[in-house]
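# Structural characterization, general
Chain by chain, the residues:
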Amino acid sequence: MTDPNAELALADQLLDQSDASGALDHTLRAKEQLSSQAQPSPILLGHLAGRLIDCGSVFRRPDLVLEGLAILESRFDELKQEIQEASLHCNIGNAKQSLYDFDGSRAQQGFNPAAITTLIEAKNAYWKAFRVSDGSDPQLFVNLANCLDRSSRVVEALRCYDLALTVTPGFAMAELNRGMALQTLNEIAGVYTISLLLEALRSFRAAEAGNLPPHLREAARHQRVRTESVLTRLGWSEDRAREYDEQHRLEADAHDPYWRFCLDNFLALSEHALYCRCVGARRDDLSIPKPTGSIAGEFVPRLELLLNRMKSEFCLARALYYQATRAPGQWDLESFEGTFSELHEGEEIGLSSEFLRTSFRLCFGILDRIAQGVSELYALAEPEEALYFESFWRPAHQRNKGEERWTKINQQNNWGLVALYSIATDLNTKGGEWGFFKKHRNSLEHGLLVLTGDSGGVPALARPERILLEELTFAAFAEQTLYMLQLTASAIFSFVFCARAEGVRSLGEGPAIRMTMDKKDIGKD
Ligand SMILES: [Zn+2]
């Protein structure tokens, strides 16, 4: 007679060996045994829920997934006492993502904001896991990345695979999915480059050599062979690839500290920089027209004007963040500083803290410009309307009147647009995992956001009575500003991919546009 603990351990083992039928048998046996217990242990219940969700995903059985999800959601507080919260959220994310994948009506609905509700719930659960995790579980980063990739947020997905690979170098699941995400990037961006293929190949090779269940190793092998044959067809040999790698490595080492910081943190506005660190990645050369090939549409120059504005503001926001937080390369500010009354100990006041606030506010401004750009592209609003990125999609005043804008948005079937919508839901104050950024923005613009040192706060006698006051440490706000910059960079990419896809669709309807960027920065083609 076995016990549920042993049954679940066996199920784990069999899943690792890709024997899902065996795993399901043992999971169901554990379920039987646990259901006859008056007070089953939370650890075992959480374990059971995870296996039900895993097996349900493999066999495409929503009943099993829903059963696992019900355990996690109904007993969340109880389970949280015994099981890491991050892992519970992660399993909820897995369940929601599977339910999204099973939904057969998706094919008719197309890929649009209205059709990804369950995917957004999955994404929110993974972000919850991300925020409470201690950062040591590479699988969590991979699951989050996969969900972001599924939502067309490929820039952030690539960053999360990198996080997984930083925690566990060579982590095969991260390598395999990273290779696939690079292929998604290819499709979404509409650009093929040799270095992208070489980078995908590197990932597939690492995945194949790593520790994967048999069916995934086979997938890695298949992708590796396919990529190799494309490269061979393009005239690439191992020797040539090695030379190319060596050259790239030399160039990557030669970047100055600021640019290295940009590349390390996925803050370079260049498609090339998403997977490569050579000098070609240097220029923030993201533009709506493709680096190779043509697009069309009279909207392109108008949106490119807007993009230049966003990029210029982003360059300032990024530089200000760097000046506020990084010691090497900082501007000498001493002769520019003011003098302030010491009302309480530990307030971080002065130029560095203003740089940080300004950086954060600029990001929100850029996101609102993206809303303007989407409106310009699809004729969604009149020029007088003030558009806010997180809320312009489905305006309250149209809710009971045909929802013209929301309907129009959902007719587009555009990957970049879906990514933008998904990002906007992150900033939703109800349910969005980064909704508190919106609160910071309000405090910065209409209230007071006071940055403090690690100890101390505003004393009672100095607390305003009629102004909204928010306090947080300089370090916490710096961390959040970095994330805000990354989110904004990802949104700028998605905006470009959205406009570019419409430009490709317009080919044949008007004169083709090829644009040569004015290269104001050093670099090479
Ligand atoms: Zn390169």
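These numbers come from a predicted model, not from an experiment. Position numbers for residues start from 1 in each chain and track the written sequence from start to end. This being a predicted model, a pLDDT of at least 70 is required before a residue's local features are given, and a value of 80 or more before pairs of side-chain atoms are given or counted; all residues contribute to the totals for chains, interfaces and linings. Side-chain descriptors were evaluated using all non-hydrogen atoms of the structure, hydrogens and water having been removed beforehand.

Before going further, it helps to examine the domain arrangement of the chain. Splitting the chain by domain gives domain 1 (1-127), domain 2 (135-285) and domain 3 (295-513). Boundary definitions for the domains trace back to an automatic or database domain assignment. A separation of 27 Å is found between the C-alpha centroids of domain 2 and domain 3. With 27 residues of domain 2 at the contact, the number on the domain 3 side is 25 residues. Summed over both partners, the interface of domain 2 with domain 3 buries about 2,300 Å², with 63% contributed by carbon and sulfur atoms. Joining two parts hides part of their accessible area as seen by a 1.4 Å probe, and the buried area is that hidden amount summed over both. If you sort the residues of domain 2 by the area they bury against domain 3, Arg153, Leu267 and Leu269 come out on top, with a joint share of 27%. Throughout this description, the term salt bridge denotes a Lys or Arg side-chain nitrogen within 4 Å of a carboxyl oxygen of Asp or Glu. Scanning the region where domain 2 abuts domain 3 turns up three salt bridges. Residues Asp284 and Arg318 are paired through a salt bridge, measuring 2.8 Å at the closest nitrogen-oxygen approach. Any pair of nitrogen or oxygen atoms within 3.5 Å is treated as a polar contact; in protein, a donor-acceptor pairing is required on top of that, and neighbouring residues in sequence qualify only through side-chain atoms on both sides. For the interface between domain 2 and domain 3, the tally reads twelve residue pairs in polar contact (both at pLDDT 80 or more). Those elements that provide at least two residues to the side of domain 2 that touches domain 3 are α10 (154-167), α11 (172-189) and α15 (257-264). Tallied by class, the residues present in the side of domain 2 that touches domain 3 amount to 15 nonpolar, five polar and seven charged. The contact criterion used is simple: two residues touch if any of their non-hydrogen atoms lie within 4.5 Å. Each helix is a run of H or I in the DSSP string that is no shorter than four residues. Each strand is a run of E no shorter than two, and both are numbered from the N terminus. Three categories are distinguished: nonpolar for Ala, Val, Leu, Ile, Met, Phe, Trp, Tyr, Cys and Pro, charged for Asp, Glu, Lys and Arg, and polar for the others, with Gly belonging to the last.

Attention now goes to the coordination of the zinc ion. Note on donors: an N, O or S atom is included if it sits within 2.8 Å of the metal, or within 3.2 Å for Na, K and Ca, and water is never included, so sites can look incomplete. Around the zinc ion, the donor atoms from the protein are His248 (NE2), His272 (NE2), Cys276 (SG) and Cys278 (SG), and they sit 2.0 to 2.4 Å away. Angles of 88 to 145 degrees at the metal separate the four donor atoms of the zinc ion, which places the site in the irregular class. In primary-sequence terms, the residues that donate to the zinc ion follow H-x23-H-x3-C-x1-C. Within this pair, whereas His248 is found in helix α14 (residues 238-253), its partner Cys276 is found in the loop between α15 and β1 (295-296), the two being separated by 28 residues in sequence. Across the pair, Cys276 and His248 agree in class, each one buried. In this scheme the shape depends on donor count and angles: four donors with every angle between 85 and 135 degrees give tetrahedral, four or six donors with opposite pairs above 155 degrees and others between 65 and 115 give square planar or octahedral in turn, and any other case is irregular. Three exposure classes are used, based on accessible area relative to the maximum for each residue type with a 1.4 Å probe and protein chains only: buried under 20%, partly exposed in between, and exposed over 50%.

To continue, consider the packing of helix α19 (residues 415-426) against helix α21 (residues 474-505). For helices, the axis comes from a line fit to the C-alpha atoms of the stretch in contact; other axes are also lines fit to C-alpha atoms, and the angle between any two N-to-C directions lies between 0 and 180 degrees. Running from amino to carboxyl end, α19 crosses α21 at an angle of 155 degrees, the nearest separation of the two axes being 7 Å. Relative to α21, the element α19 lies roughly antiparallel. When the axes of α19 and α21 are compared, the crossing they make is left-handed. Contacts between α19 and α21 involve Gly416, Leu417, Ala419, Leu420, Ile423 and Asp426 from the first element and Tyr483, Leu487, Ser490, Ala491, Ser494, Phe495 and Cys498 from the second. Class assignment for the residues of the contact of α19 with α21 results in nine nonpolar, three polar and one charged. Each angle gets one of four labels, with under 35 degrees taken as roughly parallel, over 145 as roughly antiparallel, 65 to 115 as roughly perpendicular, and the rest as oblique. Helix crossings are classified by the rotation of the near helix relative to the far one: an anticlockwise turn of less than a right angle makes the crossing left-handed, while a clockwise turn makes it right-handed.

Moving on: unusual backbone geometry. Even without being a glycine, Ser152 presents a positive backbone phi close to 70 degrees. Looking at the secondary structure, you find Ser152 in the loop between α9 (138-150) and α10.

To continue, consider the environment of Ser391. With respect to the element layout, Ser391 can be found in the loop between α17 (351-378) and α18 (404-409). Given the relative accessible area of 41%, Ser391 is considered partly exposed. On a C-alpha basis, the gap between Ser391 and Ala49 in space is 35 Å, while along the polypeptide they are 342 residues apart.

Residues belong to one nonpolar core when they are buried, are Ala, Val, Leu, Ile, Met, Phe, Trp, Tyr or Cys, and are joined through side-chain atoms within 4.5 Å. By size, the foremost hydrophobic cluster in this structure holds 122 residues, and its most contacted members are Leu185, Ile370, Val374, Phe389, Trp393 and Ile492. Counting residues in each nonpolar core, the second largest holds 29 residues, with Leu14, Leu15, Ala30 and Leu99 among its members.

Bringing the environment of Ala30 into the picture now. Locating Ala30 in the fold gives a position in helix α2 (residues 20-35). Among the residues examined, Ala30 registers a relative accessible area of 0% and is labelled buried. Taking the C-alpha atoms as reference points, Ala30 and Ala11, 19 residues apart in sequence, are found 9.3 Å from one another.

Evaluated as defined, the whole model comprises 42 salt bridges. In this structure, Glu78 and Arg75 form a salt bridge, with 3.3 Å as the shortest nitrogen-oxygen distance. A residue is classified by how much of its surface remains accessible, and Arg75, at 31% relative accessible area, is partly exposed. Of the charged contacts in the structure, one is a salt bridge between Arg277 and Asp264, with a shortest N-O distance of 2.3 Å. Taken together, the residues Arg277 in the loop between α15 and β1 and Asp264 in helix α15 connect sequence positions 13 residues apart. Under the relative-accessibility criterion, Arg277 is labelled partly exposed at 30%. What emerges from the salt-bridge pattern is a single network uniting Asp162, Arg178, Glu199, Arg202 and Asp245.

Moving on: the pairing of strand β3 (residues 469-473). Residues Glu470 and Leu472 line the buried face of β3, whereas the alternating positions Leu469, Glu471 and Thr473 sit on a face that is not buried. Bridging between strand β2 (residues 448-452) and β3 involves five bridges; their strand directions are parallel. Counterpart to Thr452 in the pairing with β3 is Thr473. Note: two strands are recorded as paired if DSSP finds a minimum of 2 bridges between them.

Its 32 residues place the ends of α21 46 Å apart at the C-alpha level, agreeing with the 46 Å of an ideal helix rising 1.5 Å per residue. Most of α21 sits inside the fold, with 26 of its 32 residues counted as buried. How far a helix is expected to stretch is found by multiplying one less than its residue total by 1.5 Å.

Okay, the environment of Ile492 next. Tracing the chain through its elements places Ile492 in helix α21. Classification of Ile492 as buried rests on a relative accessible area of 0%. Separated by 126 residues in the primary sequence, Ile492 and Ile366 have C-alpha atoms spaced 8.4 Å apart. Beyond its immediate chain neighbours, meaning those up to four positions away, Ile492 contacts Leu269, Leu286, Leu307, Met310, Phe314, Ile366 and Ile370.

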